[in-house]
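Each chain, letter by letter, is given below.
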Amino acid sequence: MTYTSSIGIRVNGEVVEREVEDRLTLADFLRNELRLTGTHLGCEQGSCGACTVLVDGSAIRSCLTFASQLNGAEVTTVEGLASEEDLHPLQSAFLRNDALQCGFCTPGFLLTAAEILSETNDLDEGTIREAISGNICRCTGYQGIIDAIVEVARSGSER
Amino acid sequence: MRTLDYIAPESAADAIALLAEHGESARPLAGGTDLIVDLKHSPGNIHILVDVSGLEEFRGIEETDEGLRIGSMATYAEIMENPICLEKTPEVVAASHTVGAVQTRNLGTIGGNLVTCVPSADSAPALMVLDAEVTVAGTNGNRRMPIEEFFVGPRKTILQPHELLVDIWIPKKNLGKPSSFYKFGLRKGQALALVNVAAALELKSGKIVEPRIALGAVAPTPIRILKAETFLSGKKPTKKNIQEAARIAVTESKPIDDFRASASYRCQLIQTLTQRVLTRSLEIATAS
């Protein structure tokens, strides 16, 4: 038996080739091996959404995925949203709408929102509430988050 | 987490051979949304993960002369977007919408949901009322069975350690059959079902034909309510008959008391929601 796998993935556009332990979750790989600590770990059992990242454009929970499973995949974390100069439109909208307080859940919300906005800008509040039901915020509440996502959807600045 | 050996076999045959070789210490990995939680908390004897999620034989959704084939490794997200499912099995799509949250549905597979075999599995009732069958592959080849036979008990299916769920078949005659699914959880988002229920039926010359009722989270496995189906068959679609069928569904169920709800509350849900899905199915049958 071998307890490691060689993987080649793209993380925020950069090629990463590593030998990883098979028991290593994507979340731990991102945080501990790549030092991308913007991906947060809350419940570690697939309920809170703090560890949400995009894999090939789909929002998934990085605490419930092994790095070994992702050979050939494209991963986007919160560090990959902003450019050198500008925040991502969602990040700016979160700021304007007071959509964060402690910020622990924010990376997960941003990536979940990024997936839904990549599919359509035709989003009403109900659709957004349903879409973010896998992300939990324990301090500021959801209204600012919803307002921020609605704002970006309306402006059509994402896509 | 303990050390694990992750293996991504090239074919279903390779996967079966690996599982046969390693027995209880190996486990097939699909979307991982249940299994990886288990591995963190109670890994038991599992040391080897055989990733079947990418295997061609288990993927895809297509319509054939026989009916609709849903590969066991189709994710909920794939089912929800699939044009054939949207048109011909809208209640399987509706049930898929209620599973977990978007992150779960992007990875979680319909086959994984059935193999995990919790009594509240949301896809089960919607498939059962369409007389779905499942194909199982193992070292002795493939076998096909009605989906009801697949479920043995809580978290226990008919699968031997070397066997894998290949696909789910919905017979052609039931594609587009008037049907309705309803899930009741404590929240709208990301909640396990207190009760989930599906119905399907046809109306011919003002009488109910081939009625089907299936319930989840009310017994050790998802169950068909055969007595209520027999009662409704050939009957007129009156409110009284619908109420009686729902009453039979309550007496045929064995819900438990737990921290989510009492058994008596679940019985009230069974009565109300069974009536609701039967009524909705009748509305669809009348309109078509």
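Residues numbered from 1 in each chain as written. Chains lettered and ligands numbered in written order. Predicted model: local features only at pLDDT ≥ 70, side-chain atom pairs only at ≥ 80, totals over all residues. Heavy atoms only, no water.

**Some remarks on the nonpolar core**
Residue and element names in this part refer to chain B.
Here's step 1: Counting residues in hydrophobic clusters, the biggest one holds 38 residues, and the most contacted among them are Ile70, Ile79, Leu114, Leu127, Phe150 and Ile170.
Here's step 2: Both domain 2 (56-174) and domain 3 (179-287) contribute no fewer than three residues apiece to this core.
Here's step 3: Here Ile79 is in contact with Ile61, Ile70, Ala74, Cys85, Val92, Val93, Ser96 and Ile110, once residues within four sequence places are set aside. (Core = buried A, V, L, I, M, F, W, Y, C linked by side-chain atoms within 4.5 Å. Buried < 20%, exposed > 50% of the residue type's maximum accessible area, 1.4 Å probe, protein only. Domains from an automatic or database assignment. Contact = heavy atoms within 4.5 Å.)

**Here's the deal with the sheet that holds strand S1 (residues 5-7) of chain B**
Residues and elements named next belong to chain B.
Here's step 1: Across the sheet, which stays open at both edges, the three strands sit in the order S1-S3-S2 with parallel pairing between neighbours. Among the strands making up the open sheet, the edge pair consists of S1 and strand S2 (26-29). Sheet twist, expressed as the mean angle between neighbouring strand axes with direction ignored, is 25 degrees.
Here's step 2: Summarising the sheet, S1 and strand S3 (residues 48-51) pair through three bridges and their orientation is parallel. What sits directly across from Asp5, in S3, is Ile48. (Pairing = 2+ DSSP bridges. Helix = DSSP H or I, 4+ residues; strand = E, 2+ residues; numbered from the N terminus. Axes fitted to C-alpha atoms, helices over the stretch in contact; angles between N-to-C directions.)

**Considerations on a nonpolar patch on the surface**
Here's step 1: Residues Leu87, Leu95 and Leu100 of chain A make up a contiguous nonpolar surface patch of roughly 270 Å² in combined accessible area.
Here's step 2: Note on placement: Leu100 of chain A falls in the loop between helix H2 (89-96) and helix H3 (106-119). (Patch = residues over 30% accessible without salt bridge, like charges linked within 9 Å, V, L, I, M, F, W, Y side chains within 5 Å. Areas by Shrake-Rupley, 256 points an atom, 1.4 Å probe, with all protein chains shown as cover. Salt bridge = Lys/Arg side-chain N within 4 Å of Asp/Glu carboxyl O.)

**Digging into the pairing of S2 of chain B**
Here's step 1: Sheet analysis places S2 of chain B next to S3 of chain B, joined by four bridges and oriented parallel. For Pro28 of chain B, the partnering residue across the bridge sits in S3 of chain B and is Val50 of chain B.

**Quick word on helix H11 (residues 239-252) of chain B**
Residues and elements named next belong to chain B.
Here's step 1: The end-to-end C-alpha separation of H11 is 20 Å, in line with the 20 Å expected for 14 residues at 1.5 Å each.
Here's step 2: Buried within H11 we find Asn241, Ile242, Ala245, Ala246, Ile248, Ala249 and Val250.
Here's step 3: In this fold, the buried residues of H11 make contact with strand S13 (207-216), helix H10 (226-232) and helix H12 (263-287). (Expected span 1.5 Å × (residues − 1).)

**Some details on H2 of chain A**
An α-helix turns once every 3.6 residues. As a result, residues three or four positions apart point the same way.
Residues and elements named next belong to chain A.
Here's step 1: Along H2, the positions that sit buried rather than exposed are Leu90, Gln91, Ala93 and Phe94. In a view along the axis of H2, the buried residues occupy a sector of 165 degrees, so they form one face of it. Turned more than 90 degrees away from the buried face of H2, the exposed residues are Leu95 and Arg96.
Here's step 2: On its buried side, H2 packs onto H3 and helix H5 (143-155).
Here's step 3: Immediately downstream of H2, the backbone of Asp98 shows phi near 50 degrees, a positive value. (Arc of directions from axis to C-beta.)

**Some thoughts on the pattern of salt bridges**
Oppositely charged side chains are able to pair whenever their charged atoms sit close together.
All names here are of chain B.
Here's step 1: What the rule picks out here adds up to 24 salt bridges over all chains.
Here's step 2: The shortest N-O distance in the salt bridge between Lys173 and Asp131 comes to 3.9 Å. Placement of the pair is Lys173 in the loop between strand S10 (164-171) and strand S11 (179-185) and Asp131 in the loop between helix H8 (123-128) and strand S6 (133-138), with a sequence separation of 42 residues.
Here's step 3: A relative accessible area of 55% places Lys173 in the exposed class.
Here's step 4: Here Glu252 ties to Lys227 by a salt bridge, and the two come within 3.4 Å at their closest N and O atoms. Here Glu252 is found in helix H11, whereas its partner Lys227 is found in helix H10, with 25 residues between them in sequence.
Here's step 5: Classification of Lys227 as exposed rests on a relative accessible area of 53%.
Here's step 6: Linked through salt bridges whose partners overlap, the residues forming this network are Asp131, Glu148, Lys173, Glu210, Arg212, Arg224 and Glu229.

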